[in-house]
Amino acid sequence: MATPIDCDLTGPCYIQQYVDHDPGPDASDFQCSGLSYDGHKGTDFALRTYDMIEQGVDVLASAAGTVRGVRDGMADIRYSSDRAEQIAGKECGNGVVLQHADGWETQYCHLRRGSITVEQGQQVQAGDILGQVGMSGRAAFPHVHLSVRKDGAVVDPFDPDGAITCGAQDPDTLWTDLPPYRAGGIVAIGTAPAIPDFTAIRANTVPLPNETSDALVIYAFLFGTRAGDVIHMALNGPNGTVIEQKIELDRTQAQSFRAIGKKRRTDRWPAGEYSGTATLTRGSDVIEAQNLTLTLP
């Protein structure tokens, strides 16, 4: 199988959730970690921010096959519980189902409205464009949900035999090139003139601060965090440290953000270059670190 998204999974895209292997009410991915939710039957390849939907990120066929079904026309609206009845039976949103040899089937969900390029009965090859990533159906963030089935049963392409060895990657996967596993991480970091709204962070519409902003804020957009993880953020300017803080996360969350800042106490912020850092740690392990620069006139 080929990766179903034409995007760097170590950069602007990432895998948010995997197939749930826990038989009970809890959830566990193939690494015995928490990047899943109860009953999740696929792998979610996510975009960093909403604006990438409009930029257009292609969804690709993971293997050669025949188009068995197509749905298009559903709006790219972030799912909320008040829309459950409206989309009942169409939770996949805009999508494509491919039929492969020997009882195999792949399904691609939450595609962008109007982007699907294939029709029922069409033959496709691995890597052919099926459409683009969207947020249609039951999608809380922009992503393509890939389901893999054999004779109707769900198969995890990262661990197709279902024999889980915690902390160890199964050497036998369905992938031609194994996508990277990130055990949570930092989606993006940025600066702002005030504590931003999470919707603005997700939409990539947070304004940059300027020399007369009431405050200088640094924020980190996080995914797959666990209770006990620590996010360390710092913003340094021409005259030294502006703000620095370590925050221990108190709960497990699929997506979240943290922000710290300092109010302006003079007529303007010093001119020059500012550098920001954010580091996510889990115990003694660094999960991910990102840097940024900001120049004020």
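In the block above lies the structure referred to throughout.
The text that follows walks through the structure, step by step, so that each part is easy to find. (Residues numbered from 1 in each chain as written. Predicted model: local features only at pLDDT ≥ 70, side-chain atom pairs only at ≥ 80, totals over all residues. Heavy atoms only, no water.)

### Section: the pattern of salt bridges
- This structure, assessed with the given rule, holds seven salt bridges.
- Close ionic contact of Glu105 with Arg68 constitutes a salt bridge, the shortest N to O distance being 2.7 Å. One end of the pair, Glu105, is in strand β6 (residues 104-111); the other, Arg68, is in strand β4 (residues 65-71), with 37 residues separating them in the sequence.
- Residue Glu105 is classed as buried on the basis of its relative accessible area, which comes to 15%.
- Exposure remark for Arg68: the relative accessible area of 41% places this residue in the partly exposed category. (Salt bridge = Lys/Arg side-chain N within 4 Å of Asp/Glu carboxyl O. Helix = DSSP H or I, 4+ residues; strand = E, 2+ residues; numbered from the N terminus. Buried < 20%, exposed > 50% of the residue type's maximum accessible area, 1.4 Å probe, protein only.)

### Details of the layout of surface pockets
- Taken as a whole, the largest pocket encloses approximately 440 Å³ of empty space.
- Taken together, 21 residues line the largest pocket, and the ones lying closest to its centre are Tyr37, His40, His110, Arg138 and His145.
- Listing elements by their share of the lining of the largest pocket, those giving two or more residues are β6 and β9 (143-150).
- If you tally residues by element for the lining of the largest pocket, the top one is β9, at four residues.
- Of the residues assigned to the lining of the largest pocket, the class counts are eight nonpolar, eight polar and five charged.
- A volume near 260 Å³ is recorded for the second largest pocket.
- Lining the second largest pocket are 17 residues; nearest its centre among them are Arg48, Ala188, Ile189, Asn204 and Tyr219.
- Elements with a minimum of two residues in the lining of the second largest pocket: β11 (185-192) and β12 (215-225).
- No other element matches β11, which puts five residues into the lining of the second largest pocket.
- Grouping the amino acids of the lining of the second largest pocket by side-chain chemistry returns 10 nonpolar, six polar and one charged. (1 Å grid on protein atoms, 1.4 Å probe; cavity = no way out; pocket = protein on both sides within 12 Å on 5 of 7 lines; lining within 4 Å. Points joined across faces, edges and corners; volume = space filled by probe spheres on them. Nonpolar A, V, L, I, M, F, W, Y, C, P; charged D, E, K, R; others polar.)

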